[in-house]
Structure formats: C-alpha cells, structure tokens
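# Inside the fold
Each chain, letter by letter, is given below.
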Amino acid sequence: MLEADDVVEAHDRVRETSRWTPLEYSHTFSDMTGANVHLKQETFQRTGAFKIRGATNRIATLPPEDRDAGVVTASAGNHAQGVALAATRAGVDSVVVMPEGAPISKVKATRNYGAEVELHGVDYSEAAERAHEIEREDGRTYVHAFDDEAVMAGQGTIGLEIVEDLPEVDTVVVPIGGGGLISGIATAVKDFDDDVRVIGVQAEGAASAAQSLEKGQIYERESVDTIADGIATRRVGDRTFDVIEERVDEIVTVSDSDIAVAVIYLLERSKTLVEGAGAVPLAALLSERFDYADDEVIVPVLSGGNIDLNTLSTVIMRGLVETGRYVKLRTVLKDRPGALEDLIDVIAAHKVNIYAIQHDRTSRDIGMNAAEVELDLETRSHEHVAELVAGMRDRGYEVELLA
C-alpha cells in the first residue's frame, strides 16, 4: 500500500515541473459557512490541474528502456494534459486516448503539450480499453490516471503542501473520481496528524466510491452522468480503494445543482474559474453535506480549472437558476392591444429585468383570442422570484415556472 515516504520522495521528483500552489484564506466562504476556510488553488497549477504531479512522478520512475518505448494513457482531459506535458519535458513520446465527447479545449491543449491524441469511446472506461490495446501493440508503458502508486504519490504532494502551509488544518475536503488524488492526500495528511479529517466528495451521478464503501467492495456503475466530467468515472481503482477504506474518514455526494452554485460563487466572489470536478469540495461545504464545528479549519482542494466554455455557459445558467438570479416563466394574455404592456408594467413594478420575451399567438394550447408569452428574467433571489409570481397572480395572470 502507498506510504508517506513514497509521497515525500515524489515531492522531490515533481517540484521542478509542478508548482507549489497557493493556499488562500477565503473571507467570503468563511463568513458563509462559519468555518475557517482556506482554498487550495490547484487551478493555478501547470496545465490547470493537479494531474501534472502524478504524471511527472510516474514518468520519472521509468527505467531507460521504458522511457525509450514511450507511454500511453487514457483520460477525459486533465490527466491527458498532465501526461502530455510531463512526457514532453522528460523527452518521452506519448499517446493519449480520450473519449469522443471530451471537451474540445482539453483535446487541443493535450495536443499542444506534445502528445498524439486518439479519440475513442463514449467514456473513460472505453478510452482506457483502447489505450491498453496500444500498450500491448507498441510496448508502451500505460500511465494510469489513478490506480498506480507512483501516480497516487505524486498527487499526494498536495497534502504535504497543505500541512506545511497550514499546520493547524482540521479537515481537508477532496474530490474523488478514480481515487488517486484523495489516496495520496490522505496518506500525506494522516502521516502528519491522524486526527486531521479527510473527506471525499463525489457527484451524485458518478458516486462509485461512496457506493463501494457502503457495499464493502468495489462497485462499478453502468454509466455516469454529471457536469463534473473530471470525476466522471464508473469505478474507483483497486489500489485506491484500499487506501480510501483505511485513511478516508467520510465520503459525501453533491448534486449537479450544488456544483453549479459553487462554480458561480467561486467566479463571482473569489474571481476564480474552477471546473465542476474542482468545485465539488466547496459544493459539499456550502450545502452542508458533512458536519463541522464553528471556526473549524477546512481546506477544500480546488483540483482544477479546465472547464470547457460550452459547459461553463450551461453551468453558469444552472447556477443562476439555483440561486434565484434567473427565472424563465410562461403566462397567457388576452390577445388585445396593450395586454403585453400591462404585463411588462407588473414586471417593472417588481424591479425585475427582462432578458427576452417570446410572444406566440399560434400555440395549440391556448384559445383563439389569447397569446402565450415566455419571459427570461433577471431576479435577485428566490424571495424576489416568489414576490414577482405572487404579484402576477394577484393581477390575474396564470404563471408557470419553466426554470
């Protein structure tokens, strides 16, 4: 099993390639939660995510003949970029297999870091099958995204940085996909102080580790469904599961809506762009998915910031809806001059801003003398939305909330 000495040795190997990322106290999230919150900003890491650490350590431990043969891996994005850059810096040829639906930005970045990219399969598991075929065909070394002790040790260097920068830490909150990150961090943190809690967080639509712990054995999901593509794996690793069972105190899950809200708050309040997988620790804290004491020193590990712009627009809209900052509704007007103006007056009286209006006289769901109206509105809060809807209904409008 992975040991603390492995993580210490890894830190010496990766320090020239990876950055010692900031650990920043957050007034905003401390005020919101009552805890003492410090954000571990792996979003500022080279390649924009923590994966460069484990990839560098794995490649650094290759014997000369394996370095000459090159490496291959599978990844949805962040591990792909980490392996590509680590291999290029070490002078090792790399091939990366990515799922066909991988974000375009991550595919381009992986190629720019020097890897040959092949798109294959619908998810990580199918991409990994193809990568293992290449491993056998070309004699390359497979660099696993998480289930490799050298990779786990590299990721664990984050834990060493946390305890050195913040020795008074009480709880570290870590995303879980395949389990490599939390295995490494838990190993480093528990060696420093076994009383420090390590809490793992998964998306509800990809909660293989949480389900595995409940069953006492590794559970593989048939599919995954989450906006947090960086942790969208169907199962944890064999090696990582052993470490998780022994060293992780608790695993909780968060919804995609929770994740979207965390992304929004990080953008708006901390001016930090974080991908869905990187936002799950803060999502768990903000949605109170685990217990903590007042002023408890908590470190959410923001594991990466490589979010696709198309995904970001969807996440932002979801986050605005969940925080009551955006609402879409439908109502029906009498088809007569001035009816739309009367409706707008009601909306304006509640100080609501209109993004868009769709006015339709041809809908089959309404009478011949009526018009259906859909409105996209900017609001301030859920309470503001409720006040608007109540005000419209008081004026005789039937209101259906669409988002």
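A brief report on the enclosed structure follows. (Residues numbered from 1 in each chain as written. Predicted model: local features only at pLDDT ≥ 70, side-chain atom pairs only at ≥ 80, totals over all residues. Heavy atoms only, no water.)

## Section: the overall build of the protein
- Helix and strand content of the protein: 16 helices and 14 strands.
- For the protein, the spread of C-alpha atoms along the principal axes amounts to about 80 × 50 × 40 Å.
- Looking at the protein as a whole, 57% of its 403 residues qualify as buried.
- Once local pairs closer than 6 in sequence are excluded, the contacts in the protein between residues at least 24 apart make up 72%.
- Within the structure as shown, the protein displays about 17500 Å² of accessible surface, and the carbon and sulfur contribution to it stands at 43%.
- The centroid of the 39 positive side-chain charges in the protein is displaced by 6 Å from the centroid of its 73 negative side-chain charges. (Helix = DSSP H or I, 4+ residues; strand = E, 2+ residues; numbered from the N terminus. Buried < 20%, exposed > 50% of the residue type's maximum accessible area, 1.4 Å probe, protein only. Contact = heavy atoms within 4.5 Å. Areas by Shrake-Rupley, 256 points an atom, 1.4 Å probe, with all protein chains shown as cover. Lys, Arg positive; Asp, Glu negative; His and termini not counted. Charge placed at Lys NZ, Arg CZ, Asp CG, Glu CD.)

## Describing the sheet that holds strand 9 (residues 250-254)
- The six strands are arranged 1-2-10-7-8-9 in an open sheet whose pairing can be described as mixed. In this open sheet, the two edge strands, each paired with only one partner strand, are strand 1 (23-25) and strand 9. Averaged over all neighbouring strand pairs, the angle between strand axes comes to 25 degrees, with direction disregarded.
- Pairing geometry for strand 2 (residues 36-41) and strand 10 (residues 297-302), over four bridges, is parallel. Note that in strand 10 the partner of Asn-36 across the bridge is Val-297.
- Running at roughly 155 degrees to strand 10, helix 13 (residues 276-286) makes contact with strand 2, strand 7 (171-175), strand 8 (197-203), strand 9 and strand 10 of the sheet. (Pairing = 2+ DSSP bridges. Axes fitted to C-alpha atoms, helices over the stretch in contact; angles between N-to-C directions.)

## A closer look at unusual backbone geometry
- In this model, Glu-288 sits at a positive phi of 55 degrees, which is unusual for a non-glycine residue.
- With respect to the helices, strands and loops of the structure, Glu-288 is situated in the loop between helix 13 and strand 10.
- According to the relative accessible area criterion, Glu-288 is exposed, its value standing at 60%.
- Located in the positive-phi region is Asp-295, a residue other than glycine, with phi close to 65 degrees.
- Within the secondary structure layout, Asp-295 lies in the loop between helix 13 and strand 10.
- Under the relative-accessibility criterion, Asp-295 is labelled exposed at 59%.

## Here's the deal with the nonpolar core
- Residues Val-201, Val-254, Ile-259, Leu-266, Ala-279 and Phe-290 are the most contacted members of the largest nonpolar core, which totals 31 residues.
- Where this core is concerned, the elements lending two or more residues are strand 2, strand 8, strand 9, helix 12 (256-269), helix 13, strand 10 and helix 14 (309-322).
- Ranked by the residues each element gives to this core, the list is headed by helix 13, at seven residues.
- Contacts of Ile-259, omitting those with residues within four sequence positions, involve Ala-203, Thr-226, Ile-227, Ala-228, Val-254, Gly-276, Ala-279, Val-280 and Ala-283.
- Counting 28 residues, the second-largest nonpolar core is a separate cluster that includes Leu-23, Val-169, Ala-209 and Ile-244. (Core = buried A, V, L, I, M, F, W, Y, C linked by side-chain atoms within 4.5 Å.)

## What about the sheet that holds strand 11 (residues 326-334)?
- Taken in spatial order, the four strands line up as 12-13-11-14 in an open sheet, and their pairing is antiparallel. Each edge of the open sheet is held by one strand with a lone partner, namely strand 12 (353-360) and strand 14 (400-401).
- For strand 11 and strand 14, the ladder comprises two bridges, and the chain directions are antiparallel. What sits directly across from Leu-329, in strand 14, is Leu-401.

## Some details on the environment of Ser-303
- Among the structural elements, Ser-303 can be located in the loop between strand 10 and helix 14.
- On the accessibility criterion, Ser-303 (5% relative accessible area) is buried.
- C-alpha separation for the pair Ser-303 and Glu-222, spaced 81 residues apart in sequence, amounts to 25 Å.

## Structural notes on helix 12
- For helix 12, with 14 residues, the first-to-last C-alpha span of 20 Å sits near the 20 Å given by 1.5 Å per residue.
- For helix 12, the buried fraction is high: 10 of the 14 residues fall into the buried class.
- Along helix 12, the residues that are buried comprise Asp-256, Ser-257, Asp-258, Ile-259, Ala-260, Val-261, Ala-262, Val-263, Ile-264 and Leu-266.
- Positive phi shows up at Lys-271, right after helix 12, with a value of about 55 degrees. (Expected span 1.5 Å × (residues − 1).)

## Describing the pairing of strand 4 (residues 94-98)
- Across the five residues of strand 4, five count as buried, placing the element largely inside the fold.
- Because side chains alternate across strand 4, one face comprises the buried residues Ser-94, Val-96 and Met-98, and the other comprises Val-95 and Val-97, equally buried.
- Strand direction decides the pairing type here: strand 3 (residues 71-74) and strand 4, joined by four bridges, are parallel. Each residue of the ladder has a partner; that of Val-71, found in strand 4, is Ser-94.
- Note on the crossover from strand 3 through helix 5 (residues 78-90) to strand 4: the handedness is right-handed. (Right-handed = clockwise from strand over helix to strand, strands pointing away.)

## Topic: the packing of helix 3 (residues 51-60) against helix 5
- The interhelical angle for the contact between helix 3 and helix 5, taken along N-to-C directions, is 45 degrees, at an axis separation of 8 Å. In terms of orientation, helix 3 and helix 5 fall into the oblique class. Our pair here, helix 3 against helix 5, has a crossing hand that is right-handed. Listed contacts from helix 5 to Lys-51, Ile-52, Ala-55, Thr-56 and Ile-59 of helix 3 are Asn-78, His-79, Gly-82, Val-83, Leu-85, Ala-86, Ala-87 and Ala-90.
- Looking at side-chain class alone, the contact of helix 3 with helix 5 contains eight nonpolar, four polar and one charged residues. (Parallel < 35°, antiparallel > 145°, perpendicular 65-115°, else oblique. Left-handed = near helix turned anticlockwise from the far one by under 90°. Nonpolar A, V, L, I, M, F, W, Y, C, P; charged D, E, K, R; others polar.)

## Some points on the pattern of salt bridges
- Enumeration according to the criterion identifies 27 salt bridges in this entry.
- In this structure, the salt-bridge partner of Arg-247 is Glu-246, at a minimum N-O distance of 3.5 Å.
- Of the residues examined, Arg-247 reaches a relative accessible area of 10% and is grouped as buried.
- A relative accessible area of 54% means that Glu-246 is categorised as exposed.
- Through salt bridges that share partners, Lys-40, Glu-42, Arg-53 and Glu-161 make up one connected network. (Salt bridge = Lys/Arg side-chain N within 4 Å of Asp/Glu carboxyl O.)

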